[in-house]
Amino acid sequence: MTRTDKENYYLDIAETVLERGTCLRRNFGAIIVQHDEIVSSGYTGAPRGRRNCIDTGVCVRESLNIPRGERYELCRSVHAEANAIISASRRDMIGSTLYLVGRDMKTGNYVENASPCSMCKRMIINAGITRVVARNTKNTFSSVYVEEWIENDESLTGKFGY
């Protein structure tokens, strides 16, 4: 039996978290890990007390054919990364790693080149998170150090994310 490496172990947990997502278009799960302990988790869903897209049966961005990475203000959901950050104390996030997994709800496939949107990147920076690991396929992932976003400041305003 082959033991799962740590990166895929945490990505598997983030993938389980995404199962709670309520988006009709793409669901994401995120966990924040510090010193080999899960600090918090988050998934894509409407703010507390508001109806989710799965309840309304409509994804506004999908119905308007809005491309990935654009017009997030029309979306009902809070992103998985934001929900994970909201649920954690900043002191627990400083130096941590955020693991992110996305699934396209039509195809069931992983979201290719998953990366936090520009707003989530800003929150990740301010939270003190050091690294983001995103699943590409069942056993492959990409990793970026948040410092790279800070050094390449223009990357915080372009088209990124879901």
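Residues numbered from 1 in each chain as written. Predicted model: local features only at pLDDT ≥ 70, side-chain atom pairs only at ≥ 80, totals over all residues. Heavy atoms only, no water.

(A) Examining the UniProt feature "active site" (unreviewed entry) in the protein chain more closely. Taking the numbering used here, the UniProt-annotated feature "active site" (unreviewed entry) corresponds to E81. With respect to the helices and strands, the residue E81 is situated in helix α4 (residues 80–86). You can call E81 buried: its relative accessible area is 0%. (UniProt positions renumbered as here; feature names shortened; annotations may be inferred. Helix = DSSP H or I, 4+ residues; strand = E, 2+ residues; numbered from the N terminus. Buried < 20%, exposed > 50% of the residue type's maximum accessible area, 1.4 Å probe, protein only.)

(B) Representation of unusual backbone geometry. In this model, N65 sits at a positive phi of 55 degrees, which is unusual for a non-glycine residue. Topologically, N65 is positioned in the loop between α3 (60–63) and α4. Of note in the backbone geometry, N113 takes a positive phi value of approximately 50 degrees without being a glycine. Positionally, N113 belongs in the loop between β3 (97–104) and α6 (118–127).

(C) Inspection of the pattern of salt bridges at higher detail. Under the defined criterion, the tally for this structure stands at 11 salt bridges. For K138, the salt bridge identified is with E15, shortest N-O distance 3.9 Å. You can see K138 sitting in the loop between β4 (131–137) and β5 (140–145) and its partner E15 sitting in helix α1 (residues 6–18), a full 123 residues away along the chain. We classify K138 as partly exposed; its relative accessible area is 42%. Between R25 and E62 there is a salt bridge; the shortest N-O distance is 2.7 Å. A residue pair is termed long-range when its members are at least 10 positions apart, and R25 in the loop between α1 and β1 (26–34) and E62 in helix α3 qualify at 37 residues. With relative accessibility at 10%, the residue R25 sits in the buried group. Among the charged side chains, a salt-bridge network with shared partners connects D12, E15, E19, R103, R135 and K138. (Salt bridge = Lys/Arg side-chain N within 4 Å of Asp/Glu carboxyl O.)

(D) Structural view of the nonpolar core. Grouped together as the largest cluster of nonpolar side chains are 20 residues, with contacts concentrated most on I32, I85, M93, L98, I124, I129 and V132. Elements that contribute at least two residues to this core include exactly β1, α4, β3, α6, β4 and α7 (146–151). If we skip the residues at most four places from it in the chain, I124 touches E81, I85, L98, P116, I129, V132, V146 and W149. (Core = buried A, V, L, I, M, F, W, Y, C linked by side-chain atoms within 4.5 Å. Contact = heavy atoms within 4.5 Å.)

(E) A look at the UniProt feature "binding site: Zn(2+)" (unreviewed entry) in the protein chain. According to UniProt, the "binding site: Zn(2+)" (unreviewed entry) feature falls on H79, C117 and C120. Over a stretch of 42 residues, the named residues converge on one spot in the fold, their C-alpha atoms separated by at most 8.9 Å. A relative accessible area of 9% means that H79 is categorised as buried. Along the chain, C117 turns up in the loop between β3 and α6.

(F) Spotlight on α6. Of the residues making up α6, those classed as buried are S118, C120, K121, I124 and A127. On the buried face of α6, the contacting elements are α4, α5 (90–93), β3, β4 and α7. Note on α6: the residue one or two positions beyond its end, G128, has a positive phi of about 90 degrees.

(G) Inspection of the pairing of β1 at higher detail. In terms of burial, β1 is a largely internal element, 9 of the 9 residues being buried. The pairing of β1 with strand β2 (residues 37–43) spans 6 bridges and is classified as antiparallel. What sits directly across from I31, in β2, is S41. (Pairing = 2+ DSSP bridges.)

(H) Representation of the side chain of R131. For R131, the location among the structural elements is in strand β4. Accessibility expressed as a relative area gives 13% for R131, which makes it buried. Among the polar contacts made by the side chain of R131, one reaches the side chain of S143 at a distance of 2.9 Å. Apart from residues lying up to four places away in sequence, R131 is in contact with E7, S96, T97, L98, Y99, S143, V144, Y145 and V146. (Polar contact = N/O pair within 3.5 Å; in protein donor to acceptor, adjacent residues only side chain to side chain.)

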